[in-house]
Amino acid sequence: MPNKPTIVLVGHGMVGQRFLEALADRGVTERARIVVFCEEPRPAYDRVRLTSYFDGRTPEDLSMVEDGFMARHGIELHLDDPAETVDREARTVTSRAGHVVAYDTLVLATGSYPFVPPVPGKDATGCFVYRTIEDLLAIEEFAKTAKTGAVVGGGLLGLEAAGALKGLGLETHIVEFAPRLMPVQVDEGGGAALLRTIENMGLIVHTGTGTQEVLTEDGAVTGMALSDGSVLTTDMVVFSAGVRPRDQLARDCGLTVGERGGIAVDEQCRTSDPAVYAIGECALAADGRVYGLVAPGYEMALTAAAAIADEEGQAFTGADMSTKLKLLGVDVASFGDAHGTAEGCLEVVYSDSRAGIYKKLVVDADGALLGGVLVGDAESYGMLRPMTGTKPPVAPEQLVLPAGAGAPVTLGPSALPDDAIICSCHNVTKGAICACSSLPEVKKCTKAGTGCGSCVKVIQQLLPKAADSGMCACFSYTRSELYEIVRTMRFTSYGELLDSHGREEARGGEGCEICKPAVASILASLHNEYILDGERAALQDTNDHFLANMQRNGSYSIVPRIPGGEITPDKLIVIGEVARDFGLYTKITGGQRIDLFGARVDQLPAIWARLVDAGFESGHAYGKSLRTVKSCVGQTWCRYGVQDSVRMAIDLELRYRGLRAPHKLKSAVSGCARECAEAQSKDFGVIATANGWNLYVGGNGGATPRHADLLAQDLSDAELIRLIDRFLMFYIRTADRLERTATWLERLEGGLDHLRDVVVHDKLGLCDELEAQMAAHVASYRDEWAETLQDPERLRRFVSFVNAPDAPDPSVRFVPERGQIKPDLTVLTLEGTSAR
Amino acid sequence: MMLELSYDDAWLTVCEAAALTPGRGMAALLPDGRQVALFQDRAGRWYAIDNRDPFTGAQVLARGLLGAAAGRPFVASPLLKQRFDLETGQCLDDEEVSVAVFPVRTRQLALVS
Ligand code: SRM
Ligand SMILES: Cc1cc2nc3c(=O)[nH]c(=O)nc-3n(C[C@H](O)[C@H](O)[C@H](O)COP(=O)(O)OP(=O)(O)OC[C@H]3O[C@@H](n4cnc5c(N)ncnc54)[C@H](O)[C@@H]3O)c2cc1C
Ligand code: SF4
Ligand code: FES
């Protein structure tokens, strides 16, 4: 390829990769040879989400390079091979491995390095920085033997690093020279709100004091001497005191750099040598600033790529420093003129220090929004940022008040003009987003939402509602929407719901086999009335209609409840006798109970009369409701057991029996970590600890098994039950039809963290209501079979033939097998006039 | 009010109309041993089709759930959920399969007071 020009990129970080993509988009990759020198041992990854490595993301998960991207575009990538020198005369770059590449265009995207203050001891064993995956691996390894960690710097990165240390189980200190945390992004009030929340999490914050010396012993960290004279004992130190542009390569080859660092570039991102560009954190932009955020870096990448592709018009003249972050689980956002530096500007502040919420908007005398700071609740960031520079359609104070206080204002994104920037990471306007029809399409065509992700919520609100998320041909609502409608409007009848909230064409009609049982289940979850009375009888699936499970030949199986799988010999004998007397097939189920098969519909009442008499109740094997709570034998007998798992399983089974849900619910309780009851494969599973119980949720067996997630640890009996109450009711309220907890949890926006926020931290303020609902269920539980037997009217349906109530169904026949019965399928194969 | 079924060119009285729950079915035994599934929909109309589910051979269609597709009533088999048009007996999920339908009517008995 002798006549192809060569572009050399030095630095394959986030901005470097964005630059390569921009070249590819413009077809430059076909016209030019592209060589990339990457200092790190892996291609570009998402540094913004670096910390999520500690949440179980692998380095591969963080990769920013689509599979096959380099090969497809013929890009030569040298990993683990930094560029060492640039010869601008000869136009060559020489790498550490000795590659010499001649360039026509050179692009520097070398990023930043963490600034380590020149204090004594800074290089001791146990000192780290927080910038690369390798840094994190080293921190993780060292933390295994450490008890205490200190982070130098209470800015954005410092807080992230502190969160990571805390997550690794260390007692964590933050030392910040400024009088408040995140001094760059938030003002005093915001800093105070942040401080309170962060201290509540158990981090120890030292503001207004600097680091004087890292104290060492035999070359290893033992503590820190602070400028206020105090000494902090610590096993490790993470420096996070800001970053400095990596401009050494540029300095060495004589390019102009700023007084305080950064490779000086013009509006096209060209350096003092027109053949050399600099983009990202290493660049000193034309507006005299070095940008330490990814969004401006991406803009520079696009600008440089456009310039190289000879496109006119792109220029980087400066960028918005807006950020929204979730630091240690606290939302922090700042945008526009956050510090209120514009002349004559006014501030509107709402602050609730108890809740750790602080919101400030900066407006000008005419009421135009100039900027703001949001701490603790940054919900409105996605809406406010695009309004910056405009006059919001409502008074600014209404925009910061929490919903419920005064007149709550929920401004939809429809209020925004078409040219409002919705995604600031990729500079995408509302107009561009509205031209797409789905989130994946938006991400693909505009890249909006693929950066920090803070704009995704607003994007979703802008997109047309997914074609039709309705439950069936009768309702345009999802199950959870219907649940809310039934709950808030107090519906008690399917007919009324269909006729008022069904699709236009379905109103007054029959309904269908999909929505009938779903609404029946919702009504049962909310009212817990006898499921077969009145109109409800017509809604139930056939199994619920007969309170038994239909088998392949039309006969039924019967599963009495055996809570926790514990059963007395007397009761075992009753089951045996009933089975013998009615000629039923018996089998131990996978749910630690006994199934009796082969009953004709007309035999069900007589069989249940015997069972109820002996103290059995319905096991709801037919219902979308609690099935079994399996147990292991536990502490009472087992040498390893640490709690009485059988008692707990029985308590739970009795508490939640009969609870109708979007799908069946299964549970188990194990007496110790050996987990003989397989609790981690259950919708809610409980494992005993020395201090109480660990609660796992969202497990599933079946075709797509899922291990349950740990929701909370070391709970007392009462705490455990309260948490399960909330969890189950929240699931019942929000899941889709026939959605097990596992799929629901996978789908739940915010996942386990969100679930924990709602049911443990009561973030939505729902918990009282959820508990009250469960209390109402528990109080209103009655055994369905006992109730059925008491009422002759209810027993009328248990006949094979309406015109011959005493005649058995001749098509239900059995043949012997292994000493029991099995369905005789030959009678079923007769076509037409069968079973004469 | 009695429910009657056209059978062997005559009207056979099956049961009291009130024995059925609107929106559900019941099975009836014919003199020749065949079974019919009787239904009343939410609007109060009556239907009768063969009770035998042709997919499994089980006599269970009377125990299925009723629904409507494009305004036409159907019953979904309780076993494998195939739907059958209640007016024609046509299976909506497999055009090669259908079940027999029977004309039905209700007749008011003279009230003797
Ligand atoms: C009887 C039993 C098999 C046995 O002889 O052991 C059984 C039988 C049926 N299972 Fe099961 N399952 C039985 C334990 C299980 C287990 C094991 C357990 O509970 O520990 C599992 C895996 C655990 C789980 O659910 O996560 C299991 C996973 C399923 C699934 C797959 C669920 C999933 O989420 O993927 C189905 C299909 C469904 O529900 O949609 C299913 C559906 C069924 C149905 C309802 C199929 C049907 O529609 O006819 C069977 C009817 C039972 C009947 O007629 O009485 N059965 N089934 C077990 C009854 C337990 C009990 O005492 O209530
Ligand atoms: C923990 C953490 C959290 C962050 N969170 C946010 C956030 O929430 N929002 C936000 O906007 N920004 C955030 N940032 C900042 C963001 O990551 C940077 O702005 C962004 O990575 C800059 O991209 P870059 O390509 O310019 O630099 P980098 O991503 O640092 O990439 C530069 C690359 O060049 C390599 N390199 C340097 N010199 C050479 C050489 N001579 N030869 C070859 N390769 C070389 C480096 O090894 C590096 O891989 C965060 C940063 C960190 C560390
Ligand atoms: S889970 Fe533990 S306590 Fe329970 S049976 Fe197994 S080993 Fe014993
Ligand atoms: S604003 Fe960051 S991804 Fe859109």
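Criteria and cut-off values
Residues numbered from 1 in each chain as written. Chains lettered and ligands numbered in written order. Predicted model: local features only at pLDDT ≥ 70, side-chain atom pairs only at ≥ 80, totals over all residues. Heavy atoms only, no water. Contact = heavy atoms within 4.5 Å. Buried area = accessible area lost by both parts, 1.4 Å probe. Salt bridge = Lys/Arg side-chain N within 4 Å of Asp/Glu carboxyl O. Polar contact = N/O pair within 3.5 Å; in protein donor to acceptor, adjacent residues only side chain to side chain. Helix = DSSP H or I, 4+ residues; strand = E, 2+ residues; numbered from the N terminus. Nonpolar A, V, L, I, M, F, W, Y, C, P; charged D, E, K, R; others polar. Pairing = 2+ DSSP bridges. Axes fitted to C-alpha atoms, helices over the stretch in contact; angles between N-to-C directions. Near = heavy atom within 4 Å. Core = buried A, V, L, I, M, F, W, Y, C linked by side-chain atoms within 4.5 Å. Buried < 20%, exposed > 50% of the residue type's maximum accessible area, 1.4 Å probe, protein only. Phe/Tyr/Trp six-rings, centres within 6.5 Å; stacked < 30°, edge-to-face > 60°. Lys NZ or Arg CZ within 6 Å of the ring centre and 35° of its normal. pLDDT = per-residue confidence, 0-100. Left-handed = near helix turned anticlockwise from the far one by under 90°.

### Some details on the interface of chain B and chain A
Then, number 1: Chain B puts 36 residues into the contact, and the matching count from chain A is 46 residues.
Then, number 2: Counting each side, the surface lost to burial between chain B and chain A is near 3100 Å², with a carbon and sulfur contribution of 54%.
Then, number 3: Our enumeration of links across chain B and chain A arrives at one salt bridge.
Then, number 4: B:Arg42 is the salt-bridge partner of A:Asp499, the closest N and O atoms lying 3.5 Å from each other.
Then, number 5: The interface formed by chain B and chain A holds 14 residue pairs in polar contact (both at pLDDT 80 or more) in total.
Then, number 6: Elements with a contribution of two residues or more to the side of chain B that touches chain A: strand 2 (10-16), strand 3 (24-29), strand 4 (35-40), strand 6 (65-69) and strand 7 (72-76) of chain B.
Then, number 7: By residue number, the principal contributor to the side of chain B that touches chain A is strand 3 of chain B, which donates five residues.
Then, number 8: Of the residues assigned to the side of chain B that touches chain A, the class counts are 19 nonpolar, eight polar and nine charged.

### Brief notes about the sheet that holds strand 3 of chain B
All names here are of chain B.
Then, number 1: Ordered in space as 3-4-5, the three strands form an open sheet in which the pairing is antiparallel. With partners counted over all chains shown, the strands left at the sheet margins are strand 3 and strand 5 (46-50), one partner each. Averaged over all pairs of adjacent strands, the angle between strand axes in this sheet comes to 25 degrees, irrespective of strand direction.
Then, number 2: The sheet contact formed by strand 3 and strand 4 spans six bridges and is antiparallel. Its bridge partner being in strand 4, Met26 is matched across the sheet by Leu38.

### Things to note about the pattern of salt bridges
Then, number 1: Evaluation of the coordinates by the stated rule reveals 55 salt bridges over all chains.
Then, number 2: Members of the salt-bridge network, linked through shared partners, are A:Glu484, A:Arg487, A:Arg733 and A:Glu769.

### As for the side chain of A:Asp46
Then, number 1: Within the secondary structure, A:Asp46 sits in the loop between strand 2 (33-37) and helix 3 (59-62).
Then, number 2: Setting aside residues no more than four positions away along its own chain, A:Asp46 makes contact with A:Met14, A:Leu62 and A:Met64.

### Here's the deal with the sheet that holds strand 5 (residues 92-95) of chain A
Residues and elements named next belong to chain A.
Then, number 1: With antiparallel pairing, the three strands of this open sheet are ordered in space as 4-5-6. One side of each edge strand has no neighbouring strand; the edge strands of this open sheet are strand 4 (83-87) and strand 6 (100-102). Geometrically, the sheet is characterised by an average inter-axis angle of 20 degrees between neighbouring strands, direction not taken into account.
Then, number 2: As judged from the four bridges shared by strand 4 and strand 5, these two strands associate in the antiparallel manner. Opposite Asp87, over in strand 5, you have Thr92 as the bridge partner.

### Section: the site of ligand 3
Then, number 1: Around ligand 3 sit A:Cys632, A:Val633, A:Gly634, A:Cys638, A:Gly641, A:Gly671, A:Cys672, A:Arg674, A:Glu675 and A:Cys676, and that is every residue in its neighbourhood.
Then, number 2: Looking at the shell around ligand 3 residue by residue, the classes come out as five nonpolar, three polar and two charged.

### Examining the nonpolar core
In a soluble, globular protein the nonpolar side chains are often hidden away together inside.
Residues and elements named next belong to chain A.
Then, number 1: Counting 61 residues, the largest nonpolar core has Phe475, Phe684, Leu695 and Leu755 as its most contacted members.
Then, number 2: Among the elements that make up this core, the one with the highest residue count is helix 22 (residues 717-734) (nine residues).
Then, number 3: Leave out the neighbours within four places in its chain, and Phe475 touches Gly470, Leu482, Tyr494, Leu497, Leu498, His501, Gly502, Arg503, Cys515 and Val519.
Then, number 4: Judged by nonpolar contacts, the second largest core, of 56 residues, contains Val28, Ala32, Ala250 and Cys253.

### Points about the packing of aromatic side chains
Then, number 1: Counted by the stated rule, this structure contains 14 aromatic pairs over all chains.
Then, number 2: Ring centres of A:Phe730 and A:Trp744 lie 5.8 Å apart, and the angle between their planes is 70 degrees; on these two criteria the pair is classed as edge-to-face. Taken together, the positions of A:Phe730 in helix 22 and A:Trp744 in helix 23 (residues 741-747) put the pair 14 residues apart, joining distant regions of the chain. In this pair, the class of A:Phe730 matches that of A:Trp744, namely buried.
Then, number 3: The ring of A:Phe546 has B:Arg63 sitting right over it, with the charged end atom 5.9 Å from the ring centre.

### Re the environment of B:Ala69
Residues and elements named next belong to chain B.
Then, number 1: Among the structural elements, Ala69 can be located in strand 6.
Then, number 2: By relative accessible area, Ala69 is classed as partly exposed at 24%.
Then, number 3: For the pair Ala69 and Asp85, spaced 16 residues apart in sequence, the C-alpha to C-alpha distance is 8.9 Å.
Then, number 4: In contact with Ala69, other than residues within four places in its own chain, are Phe74 and Arg83.

### Some thoughts on the confidence of the model for chain B
Then, number 1: Mean pLDDT for chain B: 90, with 96% of residues reaching 70 or above.
Then, number 2: Across the assembled chains, the prediction reports ipTM 0.72 with pTM 0.55.

### Here's the deal with the packing of helix 1 (residues 14-25) of chain A against helix 9 (residues 294-308) of chain A
Residue and element names in this part refer to chain A.
Then, number 1: Direction vectors running N to C along helix 1 and helix 9 enclose 35 degrees, while the axes themselves pass 8 Å from each other. Along this stretch, helix 1 crosses helix 9, giving a crossing that reads as right-handed. Of helix 9, the residues touching helix 1 (which contributes Met14, Val15, Arg18, Phe19, Ala22 and Leu23) are Val294, Gly297, Tyr298, Ala301, Leu302, Ala304, Ala305 and Ile308.
Then, number 2: Residue composition of the contact of helix 1 with helix 9, by class: 12 nonpolar, one polar and one charged.

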